[in-house]
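Here are the chains, one letter per residue:
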Amino acid sequence: MHKVPEQFMWSSKALEKGSSEKLNTPLIDLKAIKGDEVAMANAAKLVREACMKHGFFEVTNHGVDYDFIISTYRQCDSIFKLPLSKKLSAMKDKWGYSVAHAEKFSTNLPWKEMFTYRYNYIPASESHVVDYFKSMLGEEFERVGLANQKYCEAMKEVSVSILELLSISLGVDPLYLQKYFEDCEAIMRCNRYPRCENPSITLGVGPHCDPTSLTILHQDQVSGLEVYVDDKWLPVPPRPETPDALIINIGDTLMAMTNGVYKSCVHRVLVNNRVDRKSLVFFLNPKGDKTLTPPKELLENGEQRNYPDFTWAQFYEFTQEHHRTDADTLPMFVSWLQNQKALPSNSKPLWK
Ligand SMILES: C=C1C[C@]23C[C@H]1CC[C@H]2[C@]1(C)CCC[C@@](C)(C(=O)O)[C@H]1[C@@H]3C(=O)O
Ligand SMILES: O=C(O)CCC(=O)C(=O)O
Ligand SMILES: [Fe+2]
């Protein structure tokens, strides 16, 4: 059995055995509820219960063809199949290709390779994704870039329906969240988790909360995603009967925007010794300079504020420059922010 290098080994706490009981994620048929007030209200109730408990639910019949999703995986495969030297050259300023985040971490390395890029919503749906792929990988990757650009546009479309459902479930104007995220700054990531000879000592992704606002995840038919709820790791298994299902989860930023009413939950990814696992993850964020604050409806009964106002730009910088994203990123960010505010504005930051 080939030895997993030391750097990929995780703590026994992170590797705690998972439960056989699966996470209760309501599956919402977006087509069935469109234009049907009663069905929409019922769906909003299911979403509210799930988001108040663990922040995960799933959607199907969302308008993105399953054939197109599969073809996007195939396009991303052509990146992962490149020689390592070519893949390693396709990284700039921490964007593009990474294997195990070896470019920024030296311990607790995740057992994965990934390709990460930005998708900023520009109404004219510019070719910024295609241009990025060609600049990082070469002209011959135009087709891969086109598929990814189309996939991001599709995810932006799906996010509009999901944000309407979330707004209704929160009791705010149905258009509130989609207006807020109209000029979104998304992060798109194609993940490949190679099969591992010794899967019990490493992780595809360590325990963490997504710092982002809303995650729209498609997982292939290989299990591995688990969510930490009531002190147990509960799997979110693939759904063979609805393989187009997208897993939606609330991130730290949206949890703060709901003043903590909706939960951003710790989750992780296990690897296995049989097959690779792949996922396509679209992380929705607001425009970086927008002040994140709860809607007035969530504060009208004198609720105390559980989080300070902040911007996504501030939080993202914190995850990249000051704290490795894990289960405690948001509380660590809040204290860092308060410390920043306490410092006289002309003083040097503590960490430099
Ligand atoms: C803002 C982000 C930081 C990460 C990418 C996006 C949203 C999810 C974050 C991440 C995937 C959570 C697990 C740890 C992480 C380091 C990773 O494994 O990639 C996180 C990303 C990051 O910091 O690059
Ligand atoms: O690949 C998955 O199933 C989840 C990945 C994840 O949680 C992340 O990248 O934040
Ligand atoms: Fe995540």
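Per an unreviewed UniProt entry, the protein is named Gibberellin 20 oxidase 3, and its organism is Cajanus cajan. A UniProt comment under Cofactor (unreviewed entry) is attached to the protein, and it reads "L-ascorbate". You can read under Sequence similarities (unreviewed entry) in the UniProt record for the protein the words "Belongs to the iron/ascorbate-dependent oxidoreductase family. GA20OX subfamily."

(A) Inspection of the packing of aromatic side chains at higher detail. Following the criterion strictly, the structure yields 18 aromatic pairs and no others. Centroid distance F115 to Y132: 6.3 Å. Interplanar angle 50°. Geometry classified as tilted. Taken together, the positions of F115 in strand β5 (residues 113-120) and Y132 in helix α5 (residues 128-137) put the pair 17 residues apart, joining distant regions of the chain. For the pair F115 and Y132, one class covers both residues: buried. Measuring from ring centre to ring centre gives 5.7 Å for F310 and F315, while their planes differ by 80°; the resulting arrangement is edge-to-face. Each member of the pair, F310 as well as F315, is classed as buried. Pairwise contacts between aromatic rings join W95, F310, W312, F315, Y316, F318, F333 and W336 into one cluster.

(B) Representation of the site of ligand 2. Neighbouring ligand 2 are N191, Y193, H208, D210, L217, H267, V269, R277, S279 and F283. Between an oxygen atom of ligand 2 and a side-chain N or O atom of D210, the distance comes to 3.1 Å. Within the side chain of S279, an N or O atom sits 2.8 Å from an oxygen atom of ligand 2. Burial of ligand 2 by the surrounding chains reaches 96%, relative to a free accessible area of 300 Å². Among the elements that make up the shell around ligand 2, the one with the highest residue count is strand β13 (residues 277-284) (three residues).

(C) Broad picture of the nonpolar core. Core analysis: the largest hydrophobic core is formed by 97 residues, its most contacted members being F115, I162 and L166. Excluding residues that lie within four positions of it along the chain, L166 makes contacts with V47, C51, F57, L177, L214, I250, L254 and Y262.

(D) View of the pairing of β5. Most of β5 sits out of view: six of its eight residues are buried. Here strand β4 (residues 95-99) pairs with β5 via four bridges, running antiparallel. When the bridges of β5 are listed, S98 appears paired with M114. Bridging between β5 and strand β6 (residues 185-193) involves eight bridges; their strand directions are antiparallel. Residue R118 lies in a different strand from β6, and its bridge partner there is I187.

(E) Broad picture of the sheet that holds strand β3 (residues 91-92). Strand order in the open sheet made by the nine strands is β1-β2-β11-β8-β13-β6-β5-β4-β3, with mixed pairing throughout. Of all the strands in the sheet, just β1 (27-29) and β3 have a single pairing partner and so form its edges. The pairing of β1 with strand β2 (residues 56-60) spans three bridges and is classified as parallel. Pairing of L27 across the sheet is with E58, part of β2. In the packing of α5 onto the sheet, the strands contacted are β3, β4 and β5, and the crossing angle to β5 comes to about 140°.

(F) Summary view of the packing of α5 against helix α6 (residues 142-170). Across the interface, α5 lies against α6 with an axial gap of 8 Å and an inter-helix angle of 145°. As α5 runs across α6, the sense of the crossing is right-handed. Contacts from H128, V129, V130, F133 and K134 of α5 reach α6 at E142, V144, G145, L146, N148 and Q149. Among the residues forming the contact of α5 with α6, the class breakdown is five nonpolar, four polar and two charged.

Rules used in this analysis
Residues numbered from 1 in each chain as written. Chains lettered and ligands numbered in written order. Predicted model: local features only at pLDDT ≥ 70, side-chain atom pairs only at ≥ 80, totals over all residues. Heavy atoms only, no water. UniProt positions renumbered as here; feature names shortened; annotations may be inferred. Phe/Tyr/Trp six-rings, centres within 6.5 Å; stacked < 30°, edge-to-face > 60°. Helix = DSSP H or I, 4+ residues; strand = E, 2+ residues; numbered from the N terminus. Buried < 20%, exposed > 50% of the residue type's maximum accessible area, 1.4 Å probe, protein only. Near = heavy atom within 4 Å. Polar contact = N/O pair within 3.5 Å; in protein donor to acceptor, adjacent residues only side chain to side chain. Areas by Shrake-Rupley, 256 points an atom, 1.4 Å probe, with all protein chains shown as cover. Core = buried A, V, L, I, M, F, W, Y, C linked by side-chain atoms within 4.5 Å. Contact = heavy atoms within 4.5 Å. Pairing = 2+ DSSP bridges. Axes fitted to C-alpha atoms, helices over the stretch in contact; angles between N-to-C directions. Left-handed = near helix turned anticlockwise from the far one by under 90°. Nonpolar A, V, L, I, M, F, W, Y, C, P; charged D, E, K, R; others polar.

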